[in-house]
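Chain and residue survey
Residue strings, one per chain:
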Amino acid sequence: MQHSQTHLRSRPIAAGHLRAFEAVARHLNFRAAAEEMALTQSAVSRQIQSLEEEVGVPLFLRHTRAVELTSAGAQLLLAVQQSLPRIDGAVRQIRQSAGRKSVSLTTFASFASMWLIPRLEAFQRDNPDIDIRIDASDVAMDLEMADVDIALRYGPPEAMPAGAVRLFGETLTPVASPWLIKGSPPIRKPADMVNFTLIEAGDAHRTHLEWLTWRRWFEVTGQSRAQPPRWLYFNYAYQMVQAALTGQGLVLARSSLIAESLANGDLVEVLPQHRLDSPMAYWLLIGPRNALRPEIKAFCEWLEAQAATTRETIGEVPDPDTVDHMD
């Protein structure tokens, strides 16, 4: 008996009970785990018992109304939480490769609304057999773990991982609706901005986005004491630009996100001689398991072509051999 137990604990562990273990560890409740897995509570309990026999130590402390992870259980949970999503992602990719081609990407909401989505129709027209799924969230995803192929991110070069492809940078410039400017006192110098409502992000002063604030712009232009008659705050860049488009005030906008609005006259730069350079840029990251898929290559080539157009529109012509790629 002792020999068989030793043999059992020395062989590689069977993976069949790990999902039950993860569910119980997450809920700390056998009944809730059983309901989630559409199994009986006794079936889940048997799976956990079998797993504990294989591991050789208890994974849970059983109490009257709940369970608690042991230190060994916590150690195993960490490994399981890292492994199961990767397995699920691989299976999804295998299933997708047998069916329709698709590209999934993650980016932040303002970039999706202001830059990516308005351009997507052209890609879909030229590639009708490729489905696109966009996850617009300000939470950065780990491309090795998440079920996404591509990430489009915003940040300084030092914050980007190796292999990131630089799409374009940005400058900051005050803009407004032309009809707001037409019916208001003229703007000839930075001090004239105090006659207008100023629009900015509500959390800009408490985050890493300090360089996007009017306060910084006023300091650089020698108007550190300037105060507008009122402020208008929003959560996202696309909301701020929308407010400017409807004449509600002036916004310190990111040139790369409003290039088309400037080109078609929906917005105008009120003091183009007072643009500010930003340390930020927009980047393309490709999941390590996805770069060779034809649909991913097609979409990335299209993205880089669109980015080149944006660089031209905003007057940025970087050297692709020195700044477009990070090694």
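Values in this document were obtained by computation on a predicted structure and should not be read as measured data.

For the chain, the count of helices and strands is 11 helices and 11 strands. Within the chain, residue pairs in contact and separated by at least 24 positions form 77% of the contacts whose partners lie at least 6 positions apart. Here the chain has roughly 17,600 Å² of accessible surface; of this, 53% comes from carbon and sulfur atoms.

Here we take up the nonpolar core. For soluble globular proteins, the rule of thumb is that nonpolar side chains tend to be buried together. Counting residues in hydrophobic clusters, the biggest one holds 56 residues, and the most contacted among them are Leu116, Ile150, Leu152, Met193, Leu250 and Phe299. In terms of nonpolar packing, the next biggest core, distinct from the first, is built from 19 residues, Leu18, Leu51, Leu77 and Val80 among them.

Attention now goes to the side chain of Thr221. Take Thr221: it is sitting in the loop between helix H8 (214–220) and strand S8 (231–234). A distance of 2.8 Å separates a polar atom in the side chain of Thr221 from the backbone oxygen of Trp217. A polar contact of 3.2 Å, which involves the side chain of Thr221, links it to the backbone oxygen of Phe218. Contacts of Thr221, omitting those with residues within four sequence positions, involve Pro190 and His274.

The next thing to look at is the packing of helix H2 (residues 18–27) against helix H3 (residues 30–37). Between H2 and H3, the shortest axis-to-axis distance is 8 Å and the interhelical angle comes to 130°. Judged by the angle between their axes, H2 and H3 are oblique. Considering the relative orientation of H2 and H3, their crossing is right-handed. Between H2 and H3, the contacting residues are Arg19, Ala20, Ala23, Val24, Arg26 and His27 on the first element and Phe30, Ala32, Ala33, Glu36 and Met37 on the second. Its residues assigned to classes, the contact of H2 with H3 shows seven nonpolar, one polar and three charged.

Below, the discussion takes up a nonpolar patch on the surface. On the surface, a nonpolar cluster with roughly 200 Å² of combined accessible area is contributed by Ile13, Val55 and Val57. Here Ile13 shows up in the loop between helix H1 (2–10) and H2. Residue classification places Ile13 among the partly exposed positions, given a relative accessible area of 40%.

What follows deals with unusual backbone geometry. For Leu28, which is not a glycine, the phi torsion comes out positive at approximately 50°. Here the phi dihedral of Ala38 falls at roughly 60°; this positive angle occurs in a residue that is not glycine.

To continue, consider the packing of aromatic side chains. Enumeration according to the criterion identifies 19 aromatic pairs in this entry. When the centroid spacing of 5.9 Å and the interplanar angle of 35° are considered together, the rings of Trp214 and Phe218 count as tilted. You can see Trp214 and its partner Phe218 sitting in helix H8, four residues apart, about one turn around the helix. When sorted by exposure, Trp214 lands in the same class as Phe218, which is buried. Taken together, the aromatic side chains of Phe108, Phe111, Trp115, Tyr154, Phe168 and Tyr282 make up a single cluster linked through ring pairs.

Before going further, it helps to spend a moment on the confidence of the model for the chain. Of all residues in the chain, 86% attain a pLDDT of 70 or more, and the chain-wide mean is 84. Predicted confidence for residues 319–327 stays below pLDDT 50, and this span has 21 contacts to residues more than four positions away or in other chains.

What follows is about the pairing of strand S5 (residues 150–155). Counted residue by residue, S5 has five buried out of six residues, so it is predominantly covered. Where S5 lies against strand S11 (residues 276–286), six bridges are found, and the strand directions are antiparallel. Among the inter-strand pairings, Gly155 is bridged to a residue of S11, identified as Ala281.

Let's shift gears to H2. Taken across its 10 residues, H2 has seven buried, putting it largely inside the fold. Within the sequence span of H2, burial applies to Leu18, Ala20, Phe21, Glu22, Ala23, Val24 and Ala25. Leu28 sits one or two residues past H2 and shows a positive phi near 50°.

With that out of the way, let us pick up the environment of Thr171. Structurally, Thr171 can be placed in strand S6 (residues 165–176). Measuring from C-alpha to C-alpha, the distance between Thr171 and Ser255 comes to 5.5 Å, with 84 residues separating the pair along the chain. Apart from the residues within four sequence positions on either side, Thr171 is in contact with Ala253, Arg254, Ser255, Arg275, Leu276, Asp277 and Ser278.

Here the focus is the pattern of salt bridges. This model, assessed by the stated rule, comprises 11 salt bridges. Among the salt bridges present, the one from Arg125 reaches Glu121, with a minimum N-O distance of 2.7 Å. Taken as a pair, Arg125 and Glu121 lie in helix H6 (residues 109–126) at a separation of four residues, close to a single helical turn. Through salt bridges with shared partners, one network takes in Glu22, Arg26 and Glu36.

Turning to its location among the elements, Ile286 is positioned in strand S11. In this structure, the C-alpha to C-alpha distance between Ile286 and Ala164, residues 122 residues apart in sequence, is 7.8 Å.

Reading the values: rules and limits
- Residues numbered from 1 in each chain as written.
- Predicted model: local features only at pLDDT ≥ 70, side-chain atom pairs only at ≥ 80, totals over all residues.
- Heavy atoms only, no water.
- Helix = DSSP H or I, 4+ residues; strand = E, 2+ residues; numbered from the N terminus.
- Contact = heavy atoms within 4.5 Å.
- Areas by Shrake-Rupley, 256 points an atom, 1.4 Å probe, with all protein chains shown as cover.
- Core = buried A, V, L, I, M, F, W, Y, C linked by side-chain atoms within 4.5 Å.
- Buried < 20%, exposed > 50% of the residue type's maximum accessible area, 1.4 Å probe, protein only.
- Polar contact = N/O pair within 3.5 Å; in protein donor to acceptor, adjacent residues only side chain to side chain.
- Axes fitted to C-alpha atoms, helices over the stretch in contact; angles between N-to-C directions.
- Parallel < 35°, antiparallel > 145°, perpendicular 65-115°, else oblique.
- Left-handed = near helix turned anticlockwise from the far one by under 90°.
- Nonpolar A, V, L, I, M, F, W, Y, C, P; charged D, E, K, R; others polar.
- Patch = residues over 30% accessible without salt bridge, like charges linked within 9 Å, V, L, I, M, F, W, Y side chains within 5 Å.
- Salt bridge = Lys/Arg side-chain N within 4 Å of Asp/Glu carboxyl O.
- Phe/Tyr/Trp six-rings, centres within 6.5 Å; stacked < 30°, edge-to-face > 60°.
- pLDDT = per-residue confidence, 0-100.
- Pairing = 2+ DSSP bridges.

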